[in-house]
Amino acid sequence: MPAAQDCLIVIDVQNDFCPGGALAVKDGDAIIPLVNRLIAGHEHVVLTQDWHPHGHSSFASSHAGKAPFETIELAYGAQTLWPDHCVQGTSGAAFHAGLDWTRAELVIRKGFRHAIDSYSAFYENDRSTPTGLAGYLRERGLGRLTLVGLATDFCVAYSAIDARRLGFETRVVMDACRAIDLGGSLAGAVADMQKTGVTLTDSTALAA
Ligand code: VGL
Ligand code: ZN
């Protein structure tokens, strides 16, 4: 049973990342029953919500001649381009209807600045603009984080690696995540998480 300093962080379980969505992750919705069980078992739950303005710089449609999943250089470095997704206020940006989000104590919205994408729940993709989440968790004494959600190799991995670097005890429940897996990105993300000291676990190990 989680202790008082445990916080579950549910990353981007939104319609656009589920089957039928604009940036659908294969079987993205299959994690929802397990995520709901983890929510029910945690006193503290935080959600993140990818939340882009129209014409966001991470959208391929914002760059003439570019297609989704190509990479470009922006002011802060390489950026993968995506189909338009999670546009503020649209149904694609809403949480999946099956997600039990009502008990969440905080929703962190990210990617709302036009010129910067934000995969991590802690920093935008310039790696230096904080979202405020670290301060929130520290002030509340929430030092042990369990991460789940979409997508394993982008927003979950970036968040887990930042959490670890910021000194939080961090684990990812891998079967409560699904990946985009673009050009080997899942294997790379797993290796990077392990190297940083993120614990990778699954629901069977948690239940044992
Ligand atoms: C994500 C790509 C673009 C994610 C968000 O939630 O993993 N991936 N925006
Ligand atoms: Zn996004």
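Residues numbered from 1 in each chain as written. Chains lettered and ligands numbered in written order. Predicted model: local features only at pLDDT ≥ 70, side-chain atom pairs only at ≥ 80, totals over all residues. Heavy atoms only, no water.

With respect to the overall build of the chain
- Each helix and strand counted, the chain has 5 helices and 8 strands in total.
- Seen in sequence order, the chain has helices and strands lined up from the N terminus as β-α-β-β-β-β-α-β-α-β-α-β-α.
- Rg of the C-alpha trace for the chain: 16 Å, near the compact-globule value of 17 Å for 208 residues, within the 12% margin.
- A principal-axis box enclosing the C-alpha atoms of the chain has dimensions of 50 × 30 × 30 Å.
- The buried share of the chain, reckoned over its 208 residues, is 48%.
- Partitioning the intrachain contacts of the chain with sequence separation of at least 6 by distance along the chain shows that 73% fall at a separation of at least 24.
- As displayed, the chain has an accessible area near 9,000 Å², and 53% of this comes from carbon and sulfur atoms.
- Between the averaged position of the 16 positive side-chain charges in the chain and that of its 23 negative side-chain charges there is a distance of 5 Å. (Helix = DSSP H or I, 4+ residues; strand = E, 2+ residues; numbered from the N terminus. Rg over C-alpha atoms; globule rule 2.2 N^0.38 Å. Buried < 20%, exposed > 50% of the residue type's maximum accessible area, 1.4 Å probe, protein only. Contact = heavy atoms within 4.5 Å. Areas by Shrake-Rupley, 256 points an atom, 1.4 Å probe, with all protein chains shown as cover. Lys, Arg positive; Asp, Glu negative; His and termini not counted. Charge placed at Lys NZ, Arg CZ, Asp CG, Glu CD.)

Observations concerning the packing of aromatic side chains
- What the rule picks out here adds up to 6 aromatic pairs.
- For the pair W82 and Y119, a centre-to-centre distance of 6.4 Å together with 75 degrees between the ring planes defines the contact as edge-to-face. In this pair, W82 sits in the loop between strand 4 (77–80) and strand 5 (106–110) while Y119 sits in the loop between strand 5 and helix 2 (133–139), placing the two residues 37 residues apart along the sequence.
- Taking relative accessible area as the criterion, W82 reaches 2% and is therefore assigned buried.
- Judged by relative accessible area, which is 6%, Y119 ranks as buried.
- Ring-pair connections join several aromatic residues into one group, and the members of that group are F69, W82, Y119, F154 and Y158.
- For the cation-ring pair, R109 lies above W51, with the distance from its terminal atom to the ring centre recorded as 3.9 Å. (Phe/Tyr/Trp six-rings, centres within 6.5 Å; stacked < 30°, edge-to-face > 60°. Lys NZ or Arg CZ within 6 Å of the ring centre and 35° of its normal.)

Let's talk about the layout of surface pockets
- Size it by volume and the largest pocket reaches roughly 360 Å³.
- Lining the largest pocket are 18 residues, with P2, L38, H42, R171 and L206 sitting closest to its centre. (1 Å grid on protein atoms, 1.4 Å probe; cavity = no way out; pocket = protein on both sides within 12 Å on 5 of 7 lines; lining within 4 Å. Points joined across faces, edges and corners; volume = space filled by probe spheres on them.)

Notes on the nonpolar core
- Counting residues in hydrophobic clusters, the biggest one holds 53 residues, and the most contacted among them are I9, V10, F122, L137 and L145.
- Top contributing element to this core by residue count: helix 3 (residues 152–165), with 7 residues.
- Dropping the residues within four chain positions of it, I9 is found in contact with V46, T48, L133, L137, L145, T146, L147 and V148. (Core = buried A, V, L, I, M, F, W, Y, C linked by side-chain atoms within 4.5 Å.)

Section: the coordination of the zinc ion (ligand 2)
- Looking at the zinc ion (ligand 2), one finds its protein donor set to be D50 (OD), H52 (NE2) and H85 (NE2), positioned 2.0 to 2.2 Å from the metal centre.
- Taken together, the 4 donor atoms coordinating the zinc ion (ligand 2) and their angles of 89 to 169 degrees define a geometry best described as irregular.
- Positions of the donor residues of the zinc ion (ligand 2), expressed as sequence spacing, correspond to D-x1-H-x32-H. Of this pair, D50 sits in strand 2 (residues 45–50) while H85 is found in the loop between strand 4 and strand 5, placing the two residues 35 residues apart along the sequence.
- A residue is classified by how much of its surface remains accessible, and D50, at 3% relative accessible area, is buried.
- Judged by relative accessible area, H85 falls into the buried class, the value being 3%. (Donors = N, O, S within 2.8 Å, 3.2 Å for Na, K, Ca; no water. Tetrahedral: all angles 85-135°; square planar, octahedral: opposite > 155°, others 65-115°.)

Scope: geometric values only; no functional claims are made or implied.
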